[in-house]
Amino acid sequence: MQSIDRKEPQLRRMSSIESINNRKQHAPNIAPLGEVSAEKIGRLFGQKTPEKNIKSDPAPSKIKYKINRMWLSPIIKSTLYFGIPLFILVIFSAYIYSSDGVRIKFTHVFEDAKSNIQARPEFQIELMKIDGASETLAMSIRKSLELSFPISSFELNLLDMKEKIQEMKEVKSASLFLRPGGLLEVELIERVPLIIWRNGSSLEMIDSEGEISGILTSRLDRLDLPLFAGDGAKYFIFEALDIYKVADPISDRLRGLRRMGERRWDMILDRNQIIQLPENEPINALKRILALNSTQNILARDVETIDMRDTSRPILRLSDVATEIIRTSVSKE
Amino acid sequence: MNTLYENQRTMRQKRRAALQRGVVAILDVGTSKIVCMILQFDPSVQINATEGIGAIANHGSFRVIGVAKTRSRGVKLGEIIAMEETERAIRTAVQGAQKMANIRVDHVMACFSGAQPKSYGLTGDVQVETGSVTNGDIGRVLASCDTPNFGDDRETIHAMPVNFALDQNPSLSDPRGQIGHLLSVDLHLLTIDARILSNLITCIKRCDLELAGVVSSAYASAISALVEDEQELGAACIDIGGGSTSVSVFLRKQMIFADSVRIGGDHVTSDLSSGLQIPRNTAERIKTIHGGVIATSMDDREMIDVDGQTGDWDHDRRKFTRSEIIGIIRPRIEEILEEVYHKLQAARFDTLPSQRIVLTGGASQIPGMEGLASRILGQQVRLGRPLRVHGLPQAATGPDYAAPVGLALYAAHPQDECWDFDLPEKRMGAMPMKRAMQWVKNNW
């Protein structure tokens, strides 16, 4: 008996998908042939399904089995994974090393790549900035380093450059930096010369630590620095500087101080006047001379030497001309 | 017996060499499947094993790194009948296990269930020479056992000293160092058909493998399926395999009896196949999915499609109730269990202090097996699964893997057998001289 379909009658024509779905809903076991697999058709029509070709015996053949075991044996395994690649590597590198052309080409390629990278603008140093140095010193540093800009930062050896700069007498310490933007920065601490020391025939500038900070060709280059001479003078710089300070009223006449016998100072004025200061308390002695000078204008006279070594009294040595004049005037009287 | 003794000794040496190398394979040649397991031994743990911590404790010394199972070919009733086929199956299993382990294996220990094992209980006694028992004394007492004439075509597979007695002390497991005069031994000798054993050895040799030991699968499955106190107090392990069912009885941690029944799960399959007129593999599938041994009224209503694959529409669309299938399976299982019962009776199993029965093997998984077995064999029946060992995949932990797992345990810590002791060298020469002297003494 037919079942009564109580669904509403179809008013419009169904699309193909709708009709397939509709058919599936009402008759699930009927499907268009395109959707059914060959196996299912066979079953639908009561045919025996074709057996899938199952391999009846999956056993490996004797040779396959032996080869498989051979691959798994440790000697073969290690040769395969380690020995043979190593061998190939050794042979290849030996070939490269033995044939000149390949080796040279190899090094060329390597060098090219290296210089290409080093020549990149990121690594170029355009200029050098020197901080904390006088112009003359900066000039001499530039001259000694002999850099031609632009230069790659790979070619700079900052440690060597630092040593080279620090070898200069004017430089106390130096530090070098590569700043972004192609800047080589040199920060210097200069030795500040305190005095000039006439050592034999050369004029050496000496700083507060007793180190030579430069050599002068002429005294006139640094008229602002006091001049000392004599052996051992540089070990008593501060005493000498005190004497210099006290001698301020006659500074226009003062030429320098000379250490005598490594124990006391001679003060040298122009016109070859010499004030011989005592070993002990030379400043007091100098003050007495200055006092004498201010009252009696003693230094303006024709005095060759004022000997203050005996602190109890100054001894004057007149020049030959003055002695002669005095002698003649006395003999006239 | 001497050549056998030498053979077994060389196998022991190979086993030791394999353990030193650290890799040994286990091969279980069954009727329905061949299993190959590759064990990796940790030498540091092996050192402890020599200090005698027991067979169970030693199973931490190895790790299963490869297992492969393949359908067995050319084996019937646990015996090789087509060597070429079996060799291919062994190759498949070994190659699969090697692939999983990613290592080559050269030494293999094998077990199989067929070849009609027969147990003999032997005794021997000897006077202790130096006052306290030495290894030499044990060798002599083992040699003094009278070997029964079991025929040329049989060979000893196990010869285990089960029990030592020293003067009045009747049960010693290890008499070495003890003081006494008369040392006697109970020796359990298990013999099998030599031709079948040589078939197996040839198959393994042809696969480029070295045989490091042969074990009866009755013994192997009992090692893994029986727990220690069952082995101590007395238990029987019944391994119901594909082609044969092996029975072993344990007492005081020693196997005292082994036998096999030449019926197994395959016979159930062939019964189903012929009873329902369906191909064997369909029958096998129906047995494993719908099989059972105890029918209930629910089973009358459970219809099972049986696809005959003949092309005949009517024949291929038959349906059977589960009760009908159970009706085919059950008599065969009962037959197996009754045979086992007779074997146990023959071994006087009922005199043991504890009569535990452990069912294992693939066919023991049939639902209702436990209940049926307890009706036939005795009340204390349980289903045994093999011991857990390191690295064994979940798929290989079922009762059908009892024999390979037991063999793995055996490989790690074998029982001392006759050939582990130095037998007196001039035994064959000395005996007639001794007899002559005895004769002279008696008659003068």
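Residues numbered from 1 in each chain as written. Chains lettered and ligands numbered in written order. Predicted model: local features only at pLDDT ≥ 70, side-chain atom pairs only at ≥ 80, totals over all residues.

Visitor: Help me understand the overall build of chain A, please; the structure alone is not making it clear to me.
Guide: Secondary structure summary: chain A contains 10 helices and 14 strands in total. For chain A, buried positions account for 15% of its 333 residues. (Helix = DSSP H or I, 4+ residues; strand = E, 2+ residues; numbered from the N terminus. Buried ≥ 20, exposed ≤ 12 C-beta atoms within 10 Å, placed from the backbone.)

Visitor: Explain the overall build of chain B to me, please; I cannot follow it from the model alone.
Guide: Regarding its fold elements, chain B presents 15 helices and 18 strands. Looking at chain B as a whole, 47% of its 444 residues qualify as buried.

Visitor: Can you walk me through the interface of chain B and chain A in this structure?
Guide: Where the parts come together, the accessible area they lose is often given as the size of the interface. Taken together, the contacts link 11 residues of chain B with 12 residues of chain A. Top element by residues in the side of chain B that touches chain A is helix α3 (residues 83-101) of chain B. It accounts for 6 residues. Here the side of chain B that touches chain A is composed, by residue class, of 3 nonpolar, 4 polar and 4 charged. (Contact = placed C-beta atoms within 7 Å. Nonpolar A, V, L, I, M, F, W, Y, C, P; charged D, E, K, R; others polar.)

Visitor: It is not clear to me how the pairing of strand β11 (residues 264-269) of chain A should be interpreted in this structure. Could you clarify?
Guide: Remark: a regular strand shows side chains that alternate across the two faces of the sheet. Residues and elements named next belong to chain A. Direction of pairing for strand β10 (residues 254-260) relative to β11: antiparallel, over a ladder of 6 bridges. Counterpart to G256 in the pairing with β11 is I268. Counting the residues in the hairpin turn of β10 and β11 gives 3 residues, including G261, whose phi is positive at 60°. Bridging between β11 and strand β12 (residues 274-276) involves 3 bridges; their strand directions are antiparallel. Across the sheet, M267 pairs through a bridge with I275, a residue of β12. In sequence, β11 turns back onto β12 through a hairpin of 4 residues, with R271 there showing a positive phi of about 55°. (Pairing = 2+ DSSP bridges.)

Visitor: Explain the nonpolar core here, please?
Guide: Here is a general trend for soluble globular proteins: nonpolar side chains tend to be buried in one another's company. A25, C36, M37, A110 and A408 of chain B are the most contacted members of the largest nonpolar core, which totals 127 residues. Aside from chain neighbours lying at most four places away, what touches A110 of chain B is L27, V29, L200, I204, L211 and V214 of chain B. Counting residues in hydrophobic clusters, the runner-up holds 23 residues, among them I196, A233, I243 and A247 of chain A. (Core = buried A, V, L, I, M, F, W, Y, C linked by C-beta atoms within 7 Å.)

Visitor: Looking at this model, I keep getting lost on unusual backbone geometry. Mind explaining?
Guide: Across residues other than glycine, the phi torsion is negative in most instances, and most of the peptide bonds are trans. Residues and elements named next belong to chain B. Residue A115 is not a glycine yet carries a positive backbone phi of 65°. For A115, the location among the structural elements is in the loop between β6 (107-112) and β7 (118-127). Classification of A115 by C-beta neighbours within 10 Å gives buried; the count is 25. Located in the positive-phi region is Q116, a residue other than glycine, with phi close to 45°.

Visitor: Is there a simple way to think about the packing of helix α12 (residues 322-346) of chain B against helix α13 (residues 369-376) of chain B in this case?
Guide: Geometry of a packed helix pair, given as the angle between the helix axes and the separation of the axes. Residue and element names in this part refer to chain B. Following both chains from N to C, one finds α12 and α13 inclined at 40°, their axes separated by 10 Å at the closest point. When the axes of α12 and α13 are compared, the pair comes out oblique. α12 and α13 meet at a crossing whose hand is right-handed. Judged by residue contacts, I333, E334, L337, E338 and Y341 of α12 engage L372, A373 and I376 from α13. (Axes fitted to C-alpha atoms, helices over the stretch in contact; angles between N-to-C directions. Parallel < 35°, antiparallel > 145°, perpendicular 65-115°, else oblique. Left-handed = near helix turned anticlockwise from the far one by under 90°.)

Visitor: I keep staring at the sheet that holds strand β9 (residues 227-229) of chain A and nothing clicks. Help me out?
Guide: In a beta sheet, neighbouring strands pair by backbone hydrogen bonds and run either parallel or antiparallel. Residues and elements named next belong to chain A. With respect to topology, 9 strands assemble into an open sheet ordered β8-β7-β6-β9-β10-β11-β12-β13-β14, the strand pairing being mixed. The sheet terminates laterally at β8 (212-216) and β14 (315-318), the two strands that pair on one side only. Averaged over neighbouring strand pairs, the angle between their axes works out to 25° when direction is ignored. As defined by bridge partners, β9 adjoins β10 across 2 bridges and the pair is classed as parallel. Paired with A229 across the two strands is R258, which belongs to β10.

Visitor: How do you make sense of the sheet that holds strand β10 (residues 182-193) of chain B when you look at a structure like this?
Guide: Residue and element names in this part refer to chain B. Read from one edge of the open sheet, 4 strands run β7-β10-β8-β9, paired in antiparallel fashion. Every interior strand has two partners, whereas the edge strands, β7 and β9 (169-172), have only one. The average angle at which neighbouring strand axes cross in this sheet is 35°, direction not considered. Taken together, the 11 bridges between strand β8 (residues 154-166) and β10 define a ladder with antiparallel strand orientation. Within the sheet, the bridge partner assigned to L166 lies in β10 and is L183.

Visitor: Help me out: how do you make sense of the pairing of strand β12 (residues 235-240) of chain B in this one?
Guide: Residues and elements named next belong to chain B. Of all the 6 residues making up β12, 6 are buried; the element is thus mostly covered by neighbouring parts of the structure. Neither face of β12 is open: one carries A235, C237 and D239, the other A236, I238 and I240, and all of them are buried. As judged from the 6 bridges shared by β12 and strand β13 (residues 245-251), these two strands associate in the antiparallel manner. Bridge assignment links I238 to a residue of β13, and that residue is V247. Counted along the chain from β12 to the antiparallel partner β13, the turn is 4 residues long.

Visitor: Honestly, the packing of α3 of chain B against helix α5 (residues 194-206) of chain B in this entry has me stumped. Any pointers?
Guide: All names here are of chain B. At a minimum axis separation of 9 Å, α3 and α5 run at an interaxial angle of 50°. What the angle tells us is that α3 and α5 run oblique. Relative to α5, the crossing made by α3 is right-handed. For the pair α3 and α5, contact is made by M83, T86, E87 and I90 and by N199, T202, C203, I204 and R206, respectively.

Visitor: Quick question: what am I supposed to make of the environment of L372 of chain B here?
Guide: Residues and elements named next belong to chain B. Its place among the elements puts L372 in helix α13. The partly exposed category is assigned to L372, around which 19 C-beta atoms lie within 10 Å. For the pair L372 and R330, spaced 42 residues apart in sequence, the C-alpha to C-alpha distance is 8.9 Å. The contacts of L372, once residues within four sequence positions are left out, are V293, I294, I333, E334 and L337.

Visitor: What is the right way to look at the confidence of the model for chain B in this model?
Guide: Segments scoring low in pLDDT should not have their predicted coordinates read at a detailed level. On average, residues of chain B carry a pLDDT of 85, and 91% of them reach 70 or more. Contacts from residues 53-57 of chain B, a stretch scored under 50 in pLDDT, to residues over four places away or in other chains number 6 contacts. (pLDDT = per-residue confidence, 0-100.)

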